[in-house]
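# Structure at a glance
The lines below spell out each chain.
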Amino acid sequence: MAKRRVVQPPELMGRRITRAVLYRTVGRHPLIRRDPADRRGPFSLKSTMHSYACAFGASGKRPSKAAPFQLRWQVDGTERQEKFATKTLADARRAELLTATRKGEPFDTETGLPVSEVRERNRTGWYAHARAHAARKWPSAAAKHRASIAESGTIATMAACPTGKGRPEDDLLRRALYQWGFNAGRHDQELPEAEAKALKWVERNAPTVVDLDSAKRMRTV
């Protein structure tokens with residue numbers, strides 16, 4: 001992996017960092033919460049939900065024709081990576097993440113993303129989020145994997161959408177989602193009228209991502 005750039009919290013810039021200094025600075029940040037049941041001691045950053053402990057590598061190549069470039073970085077000791085079709089896209093994404101650190105923004109330890117980006121994603125509708133996910137995975141996925149992406153997105157979306165009056169017939173809804181909604185290779189094609197109406201209904205009625213944080217709601221999916 002290429003040489004990393006380690007980003008410090010704003011409060012630590014120019015200071016010699018010890019474990020005690022790091023704990024006193026990062027540990028009292030209002031966005032960071034520790035699990036009281038964690039027994040690893042006060043200096044453990046693994047128990048936080050947000051962290052300033054980020055390290056970024058340069059974008060590099062990988063053996064793939066569809067997405068030959070990747071960006072790798074670490075948040076709180078956990079490695080993250082994203083794949084891209086061009087080096088320009090990979091470098092642009094790296095610049096976005098570095099900009100967040102320069103602003104003093106913490107990163108979410110579960111997703112490895114800046115907190116502001118996670119919040120924005122949580123406001124996104126479930127269908128838009130799942131459709132974008134399928135589009136990101138599509139270029140580097142094999143044929144069987146693409147079918148799995150479309151199938152899993154269809155099943156989850158049908159389960160998340162409300163039942164009752166106004167809902168399209170299941171056969172139509174399944175066909176619209178599987179063949180069009182989650183088939184990223186057809187996103188630029190014109191839909192048949194019935195499938196287009198079904199997907200419009202999904203856009204209006206699917207829950208937001210943050211709604212699915214509810215354990216009760218998740219049990220239905």
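Scope of this entry: the structure provided in the associated data block. (Residues numbered from 1 in each chain as written. Predicted model: local features only at pLDDT ≥ 70, side-chain atom pairs only at ≥ 80, totals over all residues. Heavy atoms only, no water.)

## Re the packing of helix α5 (residues 143–160) against helix α6 (residues 170–181)
Viewed as axis vectors pointing N to C, α5 and α6 meet at an angle of 140°, and their least axial separation amounts to 9 Å. Regarding the angle of α5 to α6, the classification is oblique. The crossing of α5 and α6 is right-handed. Counted together, Ala147, Ala150, Glu151, Thr154, Thr157 and Met158 of α5 and Asp170, Leu173, Arg174, Leu177 and Tyr178 of α6 form the full contact between these two elements. In the contact of α5 with α6, the residues fall into six nonpolar, two polar and three charged. (Axes fitted to C-alpha atoms, helices over the stretch in contact; angles between N-to-C directions. Helix = DSSP H or I, 4+ residues; strand = E, 2+ residues; numbered from the N terminus. Parallel < 35°, antiparallel > 145°, perpendicular 65-115°, else oblique. Left-handed = near helix turned anticlockwise from the far one by under 90°. Contact = heavy atoms within 4.5 Å. Nonpolar A, V, L, I, M, F, W, Y, C, P; charged D, E, K, R; others polar.)

## Looking at α6
Helix length check: α6, at 12 residues, gives a terminal C-alpha distance of 14 Å against a target of 16 Å (1.5 Å per residue), a shortfall beyond 12%. Regarding α6, the residues found buried are Leu172, Leu173, Ala176, Leu177, Trp180 and Gly181. Burial along α6 is one-sided: seen end-on, the buried residues are contained in an arc of 125°. Looking at the buried residues of α6, the elements they touch are α4 (126–137), α5 and α7 (193–205). (Expected span 1.5 Å × (residues − 1). Buried < 20%, exposed > 50% of the residue type's maximum accessible area, 1.4 Å probe, protein only. Arc of directions from axis to C-beta.)

## Describing the nonpolar core
Judged by nonpolar contacts, the single largest core of 23 residues is most densely connected at Trp126, Tyr127, Leu173, Leu177, Phe182, Leu199 and Val202. For this core, the secondary-structure elements that each account for two or more residues are α4, α5, α6 and α7. Beyond its immediate stretch of four places on either side in the chain, Leu177 contacts Tyr127, Thr154, Thr157, Met158, Phe182, Asn183, Leu199 and Val202. Residues Cys54, Leu71, Ala90 and Leu98 belong to the second largest nonpolar core, which totals 14 residues. (Core = buried A, V, L, I, M, F, W, Y, C linked by side-chain atoms within 4.5 Å.)

## Focus on the side chain of Glu105
Among the secondary structure elements, Glu105 is positioned in the loop between α2 (87–102) and β7 (107–108). Within the buried core, Glu105 has no salt-bridge partner, and the shortest N-O distance to an opposite charge, that of Lys103, equals 6.2 Å. In terms of polar contacts, Glu105 uses its side chain to reach the side chain of Ser116, at 2.6 Å. Non-local contacts of Glu105, meaning those with residues more than four positions away in its chain, are made with Tyr52, Ala100, Pro114, Val115, Ser116 and Glu117. (Lys, Arg positive; Asp, Glu negative; His and termini not counted. Salt bridge = Lys/Arg side-chain N within 4 Å of Asp/Glu carboxyl O. Polar contact = N/O pair within 3.5 Å; in protein donor to acceptor, adjacent residues only side chain to side chain.)

## Quick word on the packing of aromatic side chains
Scanning all chains against the criterion turns up two aromatic pairs. Taken together, a centroid distance of 6.1 Å and an interplanar angle of 70° make the contact between Phe56 and Phe107 edge-to-face. With Phe56 in strand β3 (residues 54–56) and Phe107 in strand β7, the pair connects residues that are 51 residues apart, well separated along the chain. Both residues of the pair, Phe56 and Phe107, count as buried. Centre to centre, the rings of Tyr127 and Phe182 are 5.8 Å apart; their planes meet at 75°, and the pair counts as edge-to-face. Residue Tyr127 is found in helix α4, and its partner Phe182 is found in the loop between α6 and α7; the two are separated by 55 residues along the sequence. Both residues of the pair, Tyr127 and Phe182, belong to the buried class. Above the face of the Trp180 ring, Arg186 is positioned so that its terminal group lies 3.6 Å from the ring centre. (Phe/Tyr/Trp six-rings, centres within 6.5 Å; stacked < 30°, edge-to-face > 60°. Lys NZ or Arg CZ within 6 Å of the ring centre and 35° of its normal.)

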